[in-house]
Amino acid sequence: MPIDGMAQRWLIRGATLPDGTSTDIRLDGARIAELGTGLSQSGASVIDAAGLVALPGLVDLHAHLREPGYEHSETVLSGSRAAARGGFTSVFAMANTLPAQDTAGVVEQVLALGESAGYVDVQPIGAVTVGLAGKQLAELGAMASSRARVRVFSDDGFCVSDPLLMRRALEYVKSFDGVIAQHSQEPRLTEKAQMNEGALSGELGLVGWPAVAEESIIARDVLLAEHVGSRLHVCHVSTAGSVDVIRWAKARGIQVTAEVTPHHLLLTEDLVRGYDARFKVNPPLRSREDVEALRAGLADGTIDIVATDHAPHPAESKDCEWDAAANGMVGLESALSVVHAAVVANGMLNWSDIERVLSRTPAQIGRITGQGKPIAVGSPAELTLYDPAATRVFGRADLSGTSVNSPYLSMTLPGEVRATFHRGYATVLDGTVQGEIARSNLEIAGHARGVPTHG
Ligand SMILES: [Zn+2]
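Residues numbered from 1 in each chain as written. Predicted model: local features only at pLDDT ≥ 70, side-chain atom pairs only at ≥ 80, totals over all residues.

- For the protein, an unreviewed UniProt entry supplies the name Dihydroorotase and the organism Cryobacterium levicorallinum.
- UniProt's Catalytic activity (unreviewed entry) comment on the protein is quoted here verbatim: "(S)-dihydroorotate + H2O = N-carbamoyl-L-aspartate + H(+)".
- The record held by UniProt for the protein lists under Sequence similarities (unreviewed entry) the comment "Belongs to the metallo-dependent hydrolases superfamily. DHOase family. Class I DHOase subfamily." (UniProt positions renumbered as here; feature names shortened; annotations may be inferred.)

Right, here's the structure in full:
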């Protein structure tokens, strides 16, 4: 465990809370001990947070940490470091590992890997079907009652396309307040699909991925959720029509929640023109009109949260022909900056909205405690300090995971996470992920360490 020893005392001076008020924040162990101005604490490490926004630690409901089975792409440890770098204190780990997270044993293994890494809370997601094969329900109840306490189930990467299996899964998880997180992709409508279906796919001669393949599954699933009175979560919504269907379902009182990724809020299908496989992702990048609808849906609450769909791949899976390349992009380290660029810079969302869509609501949907709490006395010391005035050309040095398949390399992005606190420990300081050595240096020094501000 790289972050060990006693949790320190921290005094964060002059941070800006999501509502715009300025305050000092005193952390004592794993709790927020005091808020106010002019606070003092002997023996505390002091951080100058003037100009920094303090947010509750970010919670990602959708990340691929690849372990067990694909450790050349990412491990729970390397993914946890990437998450901390991005300001996250909790990450839900998707089930498409090898073996899949479809038994109590495997989800408990992933939970233990997360605990031993220590950078964030790693909450395993359980597979809906055995081996994500879509044939037979996995041991949902056993995973729910395991030490991993699984409440979110998903075959993500694959759609639970069989309506009877989807119905049974929705029924099954009701007894323990679980939720089915669906990767909405009608498989027959997307065979061999390579990019968004439209004028551009015709021009480039690539097989199109029609919006209706996503929208038809969402429409079916919200009706199934209504029929059985269960909770549905829609992963990575990517089309304007999907936003309309979810808006309709919510107005009808159906228990549906939805997520959008940072990349679907910022990037469009035009990037496919260069055939750079860093832009190949599932669901595909869509049109400018879709991006505008997703932003509006997030702003009006139709879409509940932002989730990264962090999907690490080794270079050999991306440095190849477009048709042969793997789908997916890493996103933990860049998420807050990309959301900032997409919906904060233009005033559609403010920092209180960001707290809601990237911390509070994902924790609620996933039914985890100890995360997503407001910055208040007694709340867990799960905290992110973000510099909204910073600007950087995003580069490989900004990535802390094993894989570097980021679509943002060489793009200019606003903002930067300066510090992350998890259970009272600084997992990131000065924008740098802390390790055993850095941490012991810090404890030996035992004095103030400033967090520089930009601009
Ligand atoms: Zn997916």
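## Some remarks on the overall build of the protein
Now for step 1: For the protein, the count of helices and strands is 12 helices and 19 strands.
Now for step 2: In terms of overall size, the protein behaves like a compact globule, its C-alpha atoms giving a radius of gyration of 21 Å where 455 residues would be expected to give roughly 23 Å.
Now for step 3: Taken over 455 residues, the protein has a buried fraction of 56%.
Now for step 4: Put simply, 76% of the contacts in the protein that link residues at least 6 apart link residues at least 24 apart. (Helix = DSSP H or I, 4+ residues; strand = E, 2+ residues; numbered from the N terminus. Rg over C-alpha atoms; globule rule 2.2 N^0.38 Å. Buried ≥ 20, exposed ≤ 12 C-beta atoms within 10 Å, placed from the backbone. Contact = placed C-beta atoms within 7 Å.)

## Regarding the packing of helix α4 (residues 163-173) against helix α6 (residues 211-228)
Now for step 1: α6 packs onto α4 with a crossing angle of 45° between their chain directions and a minimal axis gap of 10 Å. When the axis of α4 is compared with that of α6, the two are oblique. In this structure, the crossing between α4 and α6 has a hand that is right-handed. Residues Pro163, Met166, Arg167, Leu170 and Glu171 of α4 form the contact with α6, whose own contacting residues are Arg220, Asp221, Leu224, Ala225 and Val228. (Axes fitted to C-alpha atoms, helices over the stretch in contact; angles between N-to-C directions. Parallel < 35°, antiparallel > 145°, perpendicular 65-115°, else oblique. Left-handed = near helix turned anticlockwise from the far one by under 90°.)

## Examining the sheet that holds strand β14 (residues 256-260)
Within a sheet, each strand pairs with its neighbour through backbone hydrogen bonds, oriented either parallel or antiparallel.
Now for step 1: Read across the sheet, 5 strands follow the order β9-β10-β13-β14-β15 without closing on themselves; strand pairing throughout is parallel. The open sheet has two edge strands with one neighbour each: β9 (152-153) and β15 (305-306).
Now for step 2: As paired elements, β14 and β15 share 2 bridges and run parallel to each other. Within β15, the residue paired with Glu259 across the bridge is Ile305. (Pairing = 2+ DSSP bridges.)

## Notes on the sheet that holds strand β6 (residues 58-63)
Now for step 1: Strands sit in the order β6-β7-β8 across an open sheet of 3 strands; the sheet is parallel. The sheet terminates laterally at β6 and β8 (121-124), the two strands that pair on one side only. Going across the sheet, the axis of each strand differs from the next one's by a mean of 20°, ignoring polarity.
Now for step 2: Sheet analysis places β6 next to strand β7 (residues 88-93), joined by 4 bridges and oriented parallel. Bridging across to β7, Ala63 finds its partner in Ala93.
Now for step 3: Contacting β6, β7 and β8, helix α1 (residues 76-85) runs over the sheet at an angle of about 135° to β7.

## Thoughts on the UniProt feature "active site" (unreviewed entry) in the protein
Now for step 1: Mapped onto this structure's residue numbering, the UniProt feature "active site" (unreviewed entry) falls at Asp309.
Now for step 2: Topologically, Asp309 is positioned in the loop between β15 and α10 (335-344).
Now for step 3: When residues no more than four places from it in sequence are discounted, the contact partners of Asp309 are His62, His236, Thr261 and Gly331.

## With respect to the UniProt feature "domain: Dihydroorotase catalytic" (unreviewed entry) in the protein
Now for step 1: Those residues carrying the UniProt feature "domain: Dihydroorotase catalytic" (unreviewed entry) are residues 53-240 in this numbering.
Now for step 2: End C-alpha to end C-alpha, residues 53-240 measures 31 Å, and it is 35% helix and 18% strand.

## Examining the domain arrangement of the protein
Often, the extent of an interface is quoted as the loss of accessible area on bringing the components together.
Now for step 1: In terms of domains, the protein is made up of domain 1 (9-54 + 378-445) and domain 2 (58-365).
Now for step 2: Facing the 28 residues of domain 1 at the interface are 38 residues of domain 2.
Now for step 3: Contributing elements (two or more residues each) for the side of domain 1 that touches domain 2: β16 (383-393), β17 (412-422) and β18 (425-429).
Now for step 4: At 7 residues, β17 tops the list of elements feeding residues into the side of domain 1 that touches domain 2.
Now for step 5: Here the residues of the side of domain 1 that touches domain 2 sort into 13 nonpolar, 11 polar and 4 charged. (Domains from an automatic or database assignment. Nonpolar A, V, L, I, M, F, W, Y, C, P; charged D, E, K, R; others polar.)

## Examining the pairing of β16
Now for step 1: When strand β5 (residues 53-56) meets β16, the two strands line up antiparallel, connected through 4 bridges. If you follow Pro56 over to β16, its bridge partner there is Leu383.
Now for step 2: Bridging between β16 and β17 involves 8 bridges; their strand directions are antiparallel. Looking at the pairing, Thr384 lines up with Thr420 of β17.

## Quick look at the environment of Ala83
Now for step 1: Structurally, the position occupied by Ala83 is in helix α1.
Now for step 2: For Ala83, a count of 36 C-beta atoms within 10 Å corresponds to the buried category.
Now for step 3: It is 27 Å that separates the C-alpha atoms of Ala83 and Asp177, two residues lying 94 residues apart in sequence.
Now for step 4: Not counting chain neighbours up to four residues away, the residues in contact with Ala83 comprise Asp60, Phe88, Val91, Tyr119, Val120 and Leu332.

## Some remarks on the confidence of the model for the protein
Now for step 1: In the predicted model, the protein carries a mean pLDDT of 94, and 94% of its residues have values of at least 70.
Now for step 2: This stretch, residues 1-6, has a pLDDT under 50; its non-local contacts, to residues over four places away or in other chains, come to 12 contacts.
Now for step 3: Below a pLDDT of 50 lies the segment residues 437-455, which in the model reaches 30 contacts outside its immediate sequence neighbourhood of four places, other chains included. (pLDDT = per-residue confidence, 0-100.)

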